[in-house]
Amino acid sequence: MPGRQELPSTLKRSSEKAQETWIKTHDSAVEEYGEGERAHRTAFGAVKHSFEKIGDHWEPKAEKGPSDKQSEKKGAAARRPGKTEEGVDANASKTHLREVARRLDVKGRSTMTKSELVDAIKKANRKQTAAARS
């Protein structure tokens, strides 16, 4: 099963459900589009509808749905690479984002705007993912 062999490290540290979502979607996308970036983008898109990246792994979201403006796109627009929030649920409430930032020990979170919280969480996620790879 190609998807299982190509499972990203952040998903290896995530729940079985998150892993299976990525694997099944990836393998289906490979059949449809062939191996490569498009299959990976499609698989991550499916993961982002039900999970959000917290630190070095993916956790279930309270509500299913697109995680950012790129995930909301349909059709040809969705296939074009665009700016993503790297698994941060940018559509979540500011309260939720503050809680995630608290869990990640983001300094200054209480005075941040929603956009600043998303950026700070992305930075903290990258840092923890890099540390987990070491």
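Our structure is the block above this text.
Report follows, based on the coordinates. No experiment lies behind these values; they were computed from the predicted model shown.

## Things to note about helix α4 (residues 37–50)
Piece 1. With 14 residues, α4 extends 21 Å between its outermost C-alpha atoms, agreeing within 8% with the 20 Å of an ideal straight helix rising 1.5 Å per residue.
Piece 2. If you check which residues of α4 are buried, you get Ala39, Ala43, Val47, Lys48 and Ser50.

## Considerations on the environment of Asp27
Piece 1. With respect to the element layout, Asp27 can be found in helix α3 (residues 16–33).
Piece 2. For the pair Asp27 and Ala43, spaced 16 residues apart in sequence, the C-alpha separation works out to 8.5 Å.
Piece 3. Polar contacts involving the side chain of Asp27 include one to the side chain of His26, which spans 3.3 Å.

## Structural notes on the pattern of salt bridges
Piece 1. The tally for this structure, following the rule as stated, stands at 10 salt bridges.
Piece 2. As a salt-bridge pair, Arg41 and Glu37 come within 3.0 Å of each other at their nearest N and O atoms. With Arg41 and Glu37 both in helix α4 and 4 residues apart, the pair spans about one turn of that helix.
Piece 3. Residue Glu37 is classed as exposed on the basis of its relative accessible area, which comes to 53%.
Piece 4. Because the salt bridges share partners, they merge into one network encompassing Glu85, Asp119 and Lys122.

## Quick notes on the pairing of strand β1 (residues 51–54)
Piece 1. Alternating residues of β1 divide into Phe51 and Lys53 and Glu52 and Ile54, and every residue in both groups is buried.
Piece 2. Hairpin connection from β1 to strand β2 (residues 57–60): 2 residues lie between these consecutive antiparallel strands, with Gly55 at a positive phi of about 65 degrees.

## Side note on unusual backbone geometry
Piece 1. Positive phi values are uncommon outside glycine, yet Glu86 reaches one of about 60 degrees.
Piece 2. Turning to its location among the elements, Glu86 is positioned in the loop between α6 (75–79) and α7 (94–103).
Piece 3. One non-glycine residue, Asp105, lies in positive phi territory at about 60 degrees.
Piece 4. Positionally, Asp105 belongs in the loop between α7 and α8 (114–133).

## Structural notes on the packing of aromatic side chains
Each aromatic ring pair is specified by the distance between its two centres and by the angle formed by the two planes.
Piece 1. In this structure the tally under the stated criterion is 2 aromatic pairs.
Piece 2. Ring geometry for Trp22 against Phe44: centres 6.1 Å apart, planes inclined by 70 degrees, an arrangement best described as edge-to-face. Highlighted residues: Trp22 in helix α3 and Phe44 in helix α4, separated in sequence by 22 residues.
Piece 3. With a relative accessible area of 23%, Phe44 lands in the partly exposed category.
Piece 4. Taken together, a centroid distance of 6.0 Å and an interplanar angle of 35 degrees make the contact between Phe44 and Trp58 tilted. Taken as a pair, Phe44 in helix α4 and Trp58 in strand β2 lie far apart in primary sequence, 14 residues in all.
Piece 5. Each residue in the set Trp22, Phe44 and Trp58 is aromatic and connected to the rest through ring pairs, giving one cluster.
Piece 6. Over the ring of Tyr33 we find Arg38, and its NZ or CZ is 3.6 Å from the ring centre.

Analysis parameters
- Residues numbered from 1 in each chain as written.
- Predicted model: local features only at pLDDT ≥ 70, side-chain atom pairs only at ≥ 80, totals over all residues.
- Heavy atoms only, no water.
- Helix = DSSP H or I, 4+ residues; strand = E, 2+ residues; numbered from the N terminus.
- Expected span 1.5 Å × (residues − 1).
- Buried < 20%, exposed > 50% of the residue type's maximum accessible area, 1.4 Å probe, protein only.
- Polar contact = N/O pair within 3.5 Å; in protein donor to acceptor, adjacent residues only side chain to side chain.
- Salt bridge = Lys/Arg side-chain N within 4 Å of Asp/Glu carboxyl O.
- Pairing = 2+ DSSP bridges.
- Phe/Tyr/Trp six-rings, centres within 6.5 Å; stacked < 30°, edge-to-face > 60°.
- Lys NZ or Arg CZ within 6 Å of the ring centre and 35° of its normal.

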